[in-house]
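Residue-level structure breakdown
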Amino acid sequence: MDDEATKLRGEIERLKEELKEADAAARSQAAIINASLDAVVSMNRAGRITEWNAAAERIFGWTRAEVIGRELAEVIIPEADRARHREGLRRFNETGEARMLGQRIDLTGLRKNGALFPIEITTTSTDSGGALFFTGFIRDITARVAAEAALRATETRMNSILEHVPIILWSLDRDGTVTFSAGRGLNAMELKPCDVIGRNAFEMYREIPWVINTLKRALAGEAFSESGEIGGVWFDTAYAPLIADDGSVAGTHAVSTIITEQKRGERALAETVSLLRATLEATADGILVVDRDGRITSFNRRFVEMWRIPDDVIATKNDNRALACVLDQLATPDQFLAKVRELYQQADAESFDVLRFKDGRVFERFSLPQRIDGKAAGRVWSFRDVTERHRSEAERDKLLAEERDARKVAEDAVRAREEFVSIASHELRNPLTSLQLALQTALRARAKFAAQNDCDQICASSIEVAARQGRRIERLIDSLLDLSRLDTGQFHLNLSAVELSHVVRDVVLQSTPELEQAGCALSVSLAENATGIWDRARLEQVVMNLLSNAVKYGAGRPIAVTVGVESTEVTLHVVDQGIGISPDACDRVFDRFERGVSSSQYGGLGLGLYIVRRIVEAHGGAISVRSELGAGSTFMVTLPRRPREESSA
């Protein structure tokens, strides 16, 4: 047993030496790797600081601007060591003796906040143009000093470490019998060293095949590590062969570390990663993650489907290839690519915009930086297909616009109706007033002049006025009835063979009193054979309305009516030299309740030309006006000889 203990102590010492060597190698490698982290501080012969790099700022807490020109001693050397530093500098300046040059020395440094800490410094001198400078390469060795202290402490704790660390240190002889066992890890298995020493490991673990196989490998002289679970406890065990003096395998040493919590952490991490992957695939958005080197590190199938990227392209994990594959789909590919490049150059930028496709699709694009340990490591892109939403919004806007238009039409109709009621009341009241006055005049004349001849003349004149106003009322009522028929679809044509020139001649004859009273000279030019299949009564209405319109707006001036004949059409022109119509009013004088001038100056319901247009269009014809303010108007009607169909307005 003493030999075994001696060998064990020897092995432990060897392991300690290897640990020291590994630590020294690690420090050397770290020094090489982290050379750029050293503080570089220079001073002149007067001890004034001339150089101070970024690492010095970080280590000592002073900025370069704060220390350049200041005495080195009062900046980084503790007060207790300043006199020795100044004495050494004075001695070098007087004798050239330099005890620190070219050596790596451990000293104590002083931070700006007054804290003392261990440093390692290597000092060199440089002659620059006759001026001598001293440069110190300074490293904060706080961690190293702590590690060395820990290593020294390890030497004193070595005998008790096995009782304080969750490991099991154990040995087997060549037969598999446990010769040594110690360590707090035994507690996890509810064992004590005395419970296992002297027992055969093959017998103890005969029901656990992987342990048996591992023991065989170890006792065959193999050095290796193996992880496994025994009774709910996970171990990571390192095996090293125990070699006898004759070179044969005398057994094995093993160090078993309990890694149950680590395994639980690994399992939890795997579950988290699995959950994140499932969540990524379940989302309705397309997700893409690209690192700073332009390599795709993650994506979901929704992204591939939305952008229609072939599997062989996405399999390359090359973002540039994926971009080239999708550009043709976009409505503005150059703008899309420019935004991508801009965000890749601005690692911390966030972005949101809308992408439109040639086929009508619309995506919302979100972009956020991917951060690891607080630093930008790449970029996350999220794409949401909002095509249907945009279509719904467009449809909603269209419906709202239609609703606004319909409301405006309704409001306009209400206003037109109110205006129409006002005008109709006025228009009907005027002839009724004249009619009543004419009748009253006739009655008074009859009573006063019953025995005189003047009674007949006065009565005749009054009756003529009454008759004329009665006809006016009749026309107003006819217009209202026609409007009602047009609105209810009861406006029908009674078609027969009609000679338009005859119609015009009859209307002119009926209108003679009106023309004479207005002082309008009338010229008529009627073509022969101006025949067609029309509704005579409606054509009389057209001619009467156009002629009355010319009399109203051209009183006292000549009027010309012309009927023309073409192969398949007959034309009617009514020309006056009246007040004319403004260009903007020419397009609307044929609408209901519209006039070319104010209703306060000229009476009427604003229905005459509207009804004329509807009658002409019902015959398959057309009506238009050519006019200028102050230059009269020409109304032009074109009627096909045979309407396309016998229709109603």
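Before any of the text, the structure's been laid out above.
What this report covers is the structure whose coordinates are included nearby. (Residues numbered from 1 in each chain as written. Predicted model: local features only at pLDDT ≥ 70, side-chain atom pairs only at ≥ 80, totals over all residues. Heavy atoms only, no water.)

Some thoughts on the overall build of the chain
What counts is decided by this rule: The numbering of helices and of strands both runs from the N terminus, where a helix is a DSSP run of H or I of at least 4 residues and a strand a run of E of at least 2. Partly exposed residues are those whose accessible area sits between 20% and 50% of the maximum for their type, while under 20% is buried and over 50% is exposed, using a 1.4 Å probe and protein chains only. Residue contacts are defined here by distance: any two heavy atoms, one from each residue, within 4.5 Å place the two residues in contact.
Counting its regular elements, the chain contains 22 helices and 22 strands. Taking all 649 residues of the chain together, the buried fraction comes to 36%. Long-range contacts, defined here as pairs at least 24 residues apart, represent 51% of the contacts in the chain between residues at least 6 apart.

Section: the packing of helix α18 (residues 500-510) against helix α20 (residues 536-553)
Our working definition: An axis is simply a line fitted to the C-alpha atoms; with a helix, the fit covers only the stretch in contact. Between two such axes, the angle follows the N-to-C directions and lies from 0 to 180 degrees. If an angle is under 35 degrees, it is roughly parallel; if it is over 145, roughly antiparallel; if it lies from 65 to 115, roughly perpendicular; otherwise it is oblique. Note on convention: the crossing is left-handed when the near helix lies turned anticlockwise from the far helix by less than a right angle, right-handed when the turn is clockwise.
Two elements in contact, α18 and α20, have axes whose closest approach is 9 Å; the angle formed by their N-to-C orientations is 50°. The orientation of α18 with respect to α20, classified from their angle, is oblique. Handedness of the crossing formed by α18 with α20: right-handed. Residue-level inspection shows L500, H502, V503, V504, D506, V507, V508 and Q510 of α18 in contact with α20, the latter providing R536, L539, E540, V543, M544 and L547.

Let's talk about the packing of helix α14 (residues 319-326) against helix α15 (residues 333-345)
Definition in use: Under the grouping applied here, Gly and all other residues not named as nonpolar or charged are polar, the nonpolar ones being Ala, Val, Leu, Ile, Met, Phe, Trp, Tyr, Cys and Pro and the charged ones Asp, Glu, Lys and Arg.
Contact pair α14 / α15: the axes reach a minimum separation of 11 Å and the direction vectors enclose 160°. As judged from the angle between their axes, α14 and α15 are roughly antiparallel. The handedness of the crossing between α14 and α15 comes out as right-handed. Taken together, the residues of α15 that come into contact with α14 (itself represented by D319, N320, L323 and V326) are F336, L337, V340, R341 and Y344. For the contact of α14 with α15, the class distribution of residues is 6 nonpolar, 1 polar and 2 charged.

What about the nonpolar core?
The test is simple: The nonpolar core is taken to be a set of buried Ala, Val, Leu, Ile, Met, Phe, Trp, Tyr and Cys residues, with the residues joined through side-chain atoms within 4.5 Å.
If you look at the biggest cluster of nonpolar residues, it comprises 41 residues, and the most contacted ones within it are L500, V504, L546 and L572. Mapped onto this core, the elements with two or more residues apiece are α18, α20, β19 (559-565), β20 (569-576), α21 (583-586), α22 (608-618), β21 (622-627) and β22 (633-640). Leaving out residues up to four positions away in the same chain, L500 has contacts with A530, W534, L539, V563, V570, T571 and L572. With 25 residues, the next largest nonpolar core counts I309, L330, W381 and F383 among its residues.

As for the sheet that holds strand β9 (residues 233-243)
Let me state the cut-off plainly: Should DSSP find at least two bridges between two strands, the strands are taken to pair.
Read from one edge to the other, the open sheet built from 5 strands follows the order β7-β6-β10-β9-β8, with strand pairing classed as antiparallel. Edge positions in the open sheet fall to β7 (178-182) and β8 (224-230), since each of these has one partner strand only. With strand direction ignored, the average angle separating the axes of adjacent strands in the sheet is 20°. With 4 bridges joining them, strand β6 (residues 167-173) and β7 adopt antiparallel strand pairing. By the bridge assignment, W170 is partnered in β7 with S181. Across the sheet, helix α10 (residues 209-219) is in contact with β6, β8, β9 and β10 (249-258); its angle to β8 comes to roughly 155°.

Some points on the packing of aromatic side chains
Describing an aromatic ring pair means giving the distance of the ring centres and the angle of the ring planes. We apply this condition: Any two of the Phe, Tyr and Trp rings considered here, Trp counted by its six-membered ring, make a pair once their centres fall within 6.5 Å; the pair's planes then place it as stacked at under 30 degrees, edge-to-face at over 60, or tilted in between. A ring has a charge above it when a Lys NZ or an Arg CZ is no more than 6 Å from the ring centre and no more than 35 degrees off the ring normal.
What the rule picks out here adds up to 14 aromatic pairs. Aromatic side chains F224 and Y239 sit 4.9 Å apart centroid to centroid with 25° between the ring planes, which places their arrangement in the stacked category. With a gap of 15 residues between them, F224 in strand β8 and Y239 in strand β9 connect regions that are remote in the sequence. Among the residues examined, Y239 registers a relative accessible area of 9% and is labelled buried. With 5.2 Å between their ring centres and 50° between their planes, W307 and F357 make a pair best called tilted. Of this pair, W307 sits in helix α12 (residues 301-307) while F357 is found in the loop between β13 (351-356) and β14 (362-372), placing the two residues 50 residues apart along the sequence. Exposure remark for F357: the relative accessible area of 4% places this residue in the buried category. By the ring-pair criterion, three or more aromatic residues cluster together here, those being F303, W307, F336, F357, F363 and F383. The residue whose ring lies beneath R111 is F117, and the NZ or CZ to ring-centre distance is 3.7 Å. Directly above the aromatic system of W62 lies the positively charged group of K112, at a separation of 5.2 Å from the ring centroid.

Remarks on α18
Filter applied, for reference: Directions drawn from the helix axis to the C-beta atoms are what define this arc. Distance and chemistry together define a polar contact, namely a pair of N or O atoms within 3.5 Å, with one atom able to donate a hydrogen and the other to accept it when in protein, and with adjacent residues in sequence counting only for side-chain atoms on both sides.
Of the residues making up α18, those classed as buried are L500, S501, V503, V504, V507 and V508. Buried residues along α18 cover an arc of 160° about the axis, so they all sit on one side. Across from the buried face of α18, at angles greater than 90 degrees, the exposed residues are L509 and Q510. A side-chain oxygen of the first residue of α18 lies 3.3 Å from the backbone nitrogen of S501; this N-cap is E499.

Remarks on the environment of L500
Position of L500 among the secondary structure elements: in helix α18. Sequence separation between L500 and L539 is 39 residues; the distance between their C-alpha atoms is 7.9 Å.

A closer look at unusual backbone geometry
Positive phi outside glycine occurs at R308, with the angle close to 55°. Relative to the helices and strands, R308 is located in the loop between α12 and α13 (311-314). Positive phi, close to 60°, is recorded for K317, a residue that is not glycine. Following the sequence through the fold, K317 ends up in the loop between α13 and α14. Using a relative accessible area of 27% as the deciding quantity, one classes K317 as partly exposed.

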